[in-house]
Amino acid sequence: TDITEHVILLSITSAIGQVFIFITIQRFGALVFSLIMTTRQVLSILLSSIVFQHSLSLQSTFGVLIIFFALFLQQYFKFNQSNISTSQSRRRNQTI
(Lines give C-alpha, C1' and ligand atoms only; values in the text may rest on other atoms or scores of the structure.)
Protein backbone atom coordinates (compact mmCIF):
# COMPACT_ATOMS: atom_id res chain seq x y z
CA THR A 1 0.00 0.00 0.00
CA ASP A 2 3.01 2.29 0.39
CA ILE A 3 3.46 2.47 -3.37
CA THR A 4 -0.27 3.09 -3.85
CA GLU A 5 -0.08 6.16 -1.62
CA HIS A 6 2.87 7.49 -3.60
CA VAL A 7 1.12 6.89 -6.93
CA ILE A 8 -2.03 8.64 -5.71
CA LEU A 9 -0.02 11.59 -4.37
CA LEU A 10 1.91 11.84 -7.65
CA SER A 11 -1.35 11.75 -9.62
CA ILE A 12 -2.94 14.48 -7.53
CA THR A 13 0.07 16.80 -7.70
CA SER A 14 0.39 16.21 -11.45
CA ALA A 15 -3.26 17.09 -12.00
CA ILE A 16 -2.90 20.27 -9.92
CA GLY A 17 0.22 21.18 -11.89
CA GLN A 18 -1.67 20.76 -15.17
CA VAL A 19 -4.43 23.06 -13.93
CA PHE A 20 -1.84 25.76 -13.14
CA ILE A 21 -0.28 25.28 -16.59
CA PHE A 22 -3.65 25.70 -18.33
CA ILE A 23 -4.53 28.78 -16.26
CA THR A 24 -1.14 30.38 -16.93
CA ILE A 25 -1.38 29.80 -20.68
CA GLN A 26 -4.97 31.02 -20.79
CA ARG A 27 -4.28 34.25 -18.90
CA PHE A 28 -0.76 35.14 -20.04
CA GLY A 29 -0.09 33.15 -23.21
CA ALA A 30 2.31 30.43 -24.24
CA LEU A 31 5.33 32.71 -24.45
CA VAL A 32 5.08 33.80 -20.82
CA PHE A 33 4.61 30.18 -19.84
CA SER A 34 7.77 29.20 -21.72
CA LEU A 35 9.65 31.99 -19.92
CA ILE A 36 8.38 30.73 -16.58
CA MET A 37 9.40 27.15 -17.37
CA THR A 38 12.82 28.18 -18.68
CA THR A 39 13.43 30.28 -15.58
CA ARG A 40 12.37 27.37 -13.38
CA GLN A 41 14.74 25.03 -15.20
CA VAL A 42 17.64 27.49 -14.96
CA LEU A 43 17.05 27.96 -11.24
CA SER A 44 16.76 24.20 -10.78
CA ILE A 45 20.09 23.63 -12.55
CA LEU A 46 21.81 26.37 -10.55
CA LEU A 47 20.40 25.13 -7.25
CA SER A 48 21.40 21.55 -8.07
CA SER A 49 24.91 22.72 -8.92
CA ILE A 50 25.21 24.56 -5.63
CA VAL A 51 23.66 21.90 -3.39
CA PHE A 52 25.44 18.91 -4.95
CA GLN A 53 28.61 20.87 -5.85
CA HIS A 54 28.42 20.04 -9.57
CA SER A 55 30.28 22.22 -12.00
CA LEU A 56 28.65 23.66 -15.09
CA SER A 57 30.65 23.63 -18.28
CA LEU A 58 31.09 26.86 -20.20
CA GLN A 59 29.23 25.30 -23.12
CA SER A 60 26.15 24.41 -21.07
CA THR A 61 26.10 27.84 -19.40
CA PHE A 62 26.36 29.52 -22.81
CA GLY A 63 23.53 27.37 -24.20
CA VAL A 64 21.19 28.25 -21.33
CA LEU A 65 22.00 31.94 -21.74
CA ILE A 66 21.28 31.85 -25.48
CA ILE A 67 17.89 30.20 -24.94
CA PHE A 68 16.92 32.57 -22.15
CA PHE A 69 18.05 35.60 -24.19
CA ALA A 70 16.08 34.43 -27.25
CA LEU A 71 12.92 33.97 -25.18
CA PHE A 72 13.41 37.39 -23.60
CA LEU A 73 13.82 39.04 -27.01
CA GLN A 74 10.71 37.28 -28.31
CA GLN A 75 8.69 38.57 -25.35
CA TYR A 76 10.17 42.06 -25.76
CA PHE A 77 9.26 42.28 -29.46
CA LYS A 78 5.78 40.92 -28.79
CA PHE A 79 5.27 43.55 -26.07
CA ASN A 80 6.50 46.34 -28.36
CA GLN A 81 4.24 45.15 -31.18
CA SER A 82 1.20 45.19 -28.89
CA ASN A 83 2.09 48.72 -27.72
CA ILE A 84 2.39 49.89 -31.33
CA SER A 85 -0.97 48.43 -32.32
CA THR A 86 -2.60 49.86 -29.17
CA SER A 87 -1.28 53.35 -29.87
CA GLN A 88 -2.40 53.10 -33.53
CA SER A 89 -5.89 52.09 -32.39
CA ARG A 90 -6.04 55.07 -30.04
CA ARG A 91 -4.99 57.44 -32.83
CA ARG A 92 -7.66 56.01 -35.13
CA ASN A 93 -10.31 56.38 -32.43
CA GLN A 94 -9.29 59.99 -31.76
CA THR A 95 -9.53 60.97 -35.43
CA ILE A 96 -12.99 59.45 -35.85
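S.K.: So what's going on with the overall build of the protein? Which residues, and what values?
M.R.: Within the protein one finds 3 helices and 0 strands. For the protein, the sequential pattern of α-helices and β-strands runs α-α-α. For 96 residues, the compact-globule estimate of 2.2 N^0.38 gives 12 Å, and the protein exceeds it by more than 25% at 20 Å. Along the first, second and third principal axes, the C-alpha atoms of the protein reach 70 × 40 × 15 Å. When each of the 96 residues of the protein is scored for burial, the buried share is 8%. For the protein, the exposed surface amounts to about 8300 Å²; the carbon and sulfur share of it is 69%.

S.K.: Tell me about helix 1 (residues 2-28), residues and numbers included.
M.R.: Side chains three or four residues apart in an α-helix point the same way, a direct result of the helix having 3.6 residues per turn. Here helix 1 contains 27 residues, and its C-alpha end-to-end distance of 39 Å stays within 8% of the 39 Å for a straight helix at 1.5 Å per residue. Positioned one or two residues after helix 1, Gly29 has a phi angle of 95°, which is positive.

S.K.: Just give me the short version of a nonpolar patch on the surface, but keep the residues and values in it.
M.R.: On the surface, a cluster of nonpolar side chains totalling about 400 Å² of accessible area is made up of Ile8, Ile12, Ile16 and Phe20. Positionally, Phe20 belongs in helix 1. Residue class for Phe20 comes out exposed when judged on its relative accessible area of 54%.

S.K.: Tell me what's going on with the layout of surface pockets, and back it up with residues and numbers.
M.R.: Approximately 200 Å³ is the volume attributed to the largest pocket. Ranked by residue count, the leading element in the lining of the largest pocket is helix 3 (residues 58-95), at 5 residues. Considering only residue class, the lining of the largest pocket consists of 7 nonpolar, 3 polar and no charged.

Calculation criteria
Residues numbered from 1 in each chain as written. Predicted model: local features only at pLDDT ≥ 70, side-chain atom pairs only at ≥ 80, totals over all residues. Heavy atoms only, no water. Helix = DSSP H or I, 4+ residues; strand = E, 2+ residues; numbered from the N terminus. Rg over C-alpha atoms; globule rule 2.2 N^0.38 Å. Buried < 20%, exposed > 50% of the residue type's maximum accessible area, 1.4 Å probe, protein only. Areas by Shrake-Rupley, 256 points an atom, 1.4 Å probe, with all protein chains shown as cover. Expected span 1.5 Å × (residues − 1). Patch = residues over 30% accessible without salt bridge, like charges linked within 9 Å, V, L, I, M, F, W, Y side chains within 5 Å. Salt bridge = Lys/Arg side-chain N within 4 Å of Asp/Glu carboxyl O. 1 Å grid on protein atoms, 1.4 Å probe; cavity = no way out; pocket = protein on both sides within 12 Å on 5 of 7 lines; lining within 4 Å. Points joined across faces, edges and corners; volume = space filled by probe spheres on them. Nonpolar A, V, L, I, M, F, W, Y, C, P; charged D, E, K, R; others polar.

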